[in-house]
Amino acid sequence: MGGLKFKVTEAFKLGLDLAYVNATASMDSFRFLKAEEWAASKPVQNFDMHLVDTYSDLDTTRFESDLWAKFGFGKALYLYGDWRYVDYADDAPYLYDTSGKISWYTLSLGWSF
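Each chain has its residues counted from 1, running along the sequence as written. Totals for whole chains, interfaces and linings use all residues, but because this is a predicted model, local features are given only for residues with pLDDT of at least 70 and pairs of side-chain atoms are given and counted only at 80 or more. The basis for every side-chain value is the complete set of heavy atoms in the structure, and neither hydrogens nor water enter the calculation.

Chemist: For this particular structure, what's the right way to read the pattern of salt bridges?
Modeler: If charged atoms from side chains of opposite charge come close, those side chains can pair. Should a side-chain nitrogen of Lys or Arg be within 4 Å of a carboxyl oxygen of Asp or Glu, the pair is scored as a salt bridge. All told, the structure shown has 4 salt bridges when counted by the stated rule. One salt bridge connects arginine 62 with glutamate 64, and the closest N-O pair in it is separated by 3.3 Å. We classify arginine 62 as partly exposed; its relative accessible area is 30%. Accessible area is worked out with a 1.4 Å probe on protein chains only. A residue is then buried under 20% of its type maximum, exposed over 50%, and partly exposed in between. Given a relative accessible area of 17%, glutamate 64 falls into the buried group. Of the charged contacts, one joins arginine 84 and aspartate 66 as a salt bridge, the two residues approaching to 2.9 Å between their closest N and O atoms. Pair noted here: arginine 84 is in strand β4 (residues 77–90) and aspartate 66 is in strand β3 (residues 58–73), with a separation of 18 residues, a long-range link. Taking the relative accessible area as the measure of exposure, arginine 84 reaches 23% and is therefore partly exposed. Numbering of helices and strands runs from the N terminus, with a helix taken as a DSSP run of H or I at least four residues long and a strand as a DSSP run of E at least two residues long.

See below:
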């Protein structure tokens, strides 16, 4: 994660921000203590719990970039433009694959007081 900011002139500024995240996590398998005693007093269970520990697997990668520019018209009025791009990859989907890419643009006129 990092960024650069350039002051081209007193009124004109440019910036670039980048981020990269690679996340991996999971839950270890578990075993009920005294499982036989617990199960003996309960009715028959239909749910097979041997894969429960895999439900928490997290393996994602994300790249994000942000390119922006700001131009000031005097001390209070400014024009701001931004382009942001995100590439998200679900490397171990569980229920469904949430991978995708998105790109959006912003253009705004601002007044600071």
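After that view, the rundown keeps rolling.
Chemist: Where do I start with a nonpolar patch on the surface in this structure?
Modeler: Note that patches include only residues with greater than 30% relative accessible area and no salt bridge, and the join distances are 9 Å for like charges and 5 Å for nonpolar side chains (Val, Leu, Ile, Met, Phe, Trp, Tyr). Under the convention used here, a 1.4 Å probe and the Shrake-Rupley method define accessible areas, while residue burial counts only the protein chains that appear. Residues Leu4, Phe6, Val8, Leu16, Leu18, Tyr20, Phe63, Leu67, Trp83 and Tyr105 make up a contiguous nonpolar surface patch of about 1000 Å² in total accessible area. Within the residue set of the nonpolar patch, elements represented by two or more residues are β1 (2–7), β2 (12–25) and β3. Among the elements that line the nonpolar patch, the one with the most residues is β2, at 3 residues. Following the sequence through the fold, valine 8 ends up in the loop between β1 and β2.

Chemist: Looking at this structure, how should I read the pairing of β3?
Modeler: Strand residues, when the strand is regular, have side chains that alternate between the two faces of the sheet. At least two DSSP bridges between two strands are needed for those strands to be called paired. As paired strands, β2 and β3 are joined by 14 bridges and run antiparallel to one another. Directly across from valine 21, in β3, lies its bridge partner arginine 62. Summarising the sheet, β3 and β4 pair through 14 bridges and their orientation is antiparallel. Counterpart to serine 65 in the pairing with β4 is tyrosine 85. From the end of β3 to the start of β4, which pair antiparallel, there are 3 residues, and glycine 74 there has a positive phi angle of about 85 degrees.

Chemist: Can you walk me through the side chain of aspartate 66 in this structure?
Modeler: A relative accessible area of 7% places aspartate 66 in the buried class. The definition of a polar contact used here is a pair of N or O atoms within 3.5 Å, where within protein one atom must be able to donate a hydrogen and the other to accept one, and adjacent residues in sequence count solely through side-chain atom pairs. A distance of 2.9 Å separates a polar atom in the side chain of aspartate 66 from a polar atom in the side chain of arginine 84. With residues up to four places along the chain from it excluded, the contact list for aspartate 66 reads Gly15, Leu16, Asp17, Asp82, Trp83 and Arg84. In this analysis, two residues are considered to be in contact whenever any of their non-hydrogen atoms come within 4.5 Å of each other.

Chemist: Whenever I open this one, the packing of aromatic side chains confuses me. Can you help?
Modeler: Two aromatic rings, taken as a pair, are described by how far apart their centres are and by the angle between their planes. In this analysis, rings of Phe, Tyr and Trp, with Trp reduced to its six-membered ring, are considered paired at centre separations within 6.5 Å, and the interplanar angle assigns stacked below 30 degrees, edge-to-face beyond 60, and tilted for intermediate values. This structure, assessed with the given rule, holds 5 aromatic pairs. Relative to phenylalanine 73, the ring of phenylalanine 71 lies with its centre 5.0 Å away and its plane at 75 degrees, an arrangement referred to as edge-to-face. Phenylalanine 73 gets classed as partly exposed once you look at its relative accessible area, which sits at 41%.

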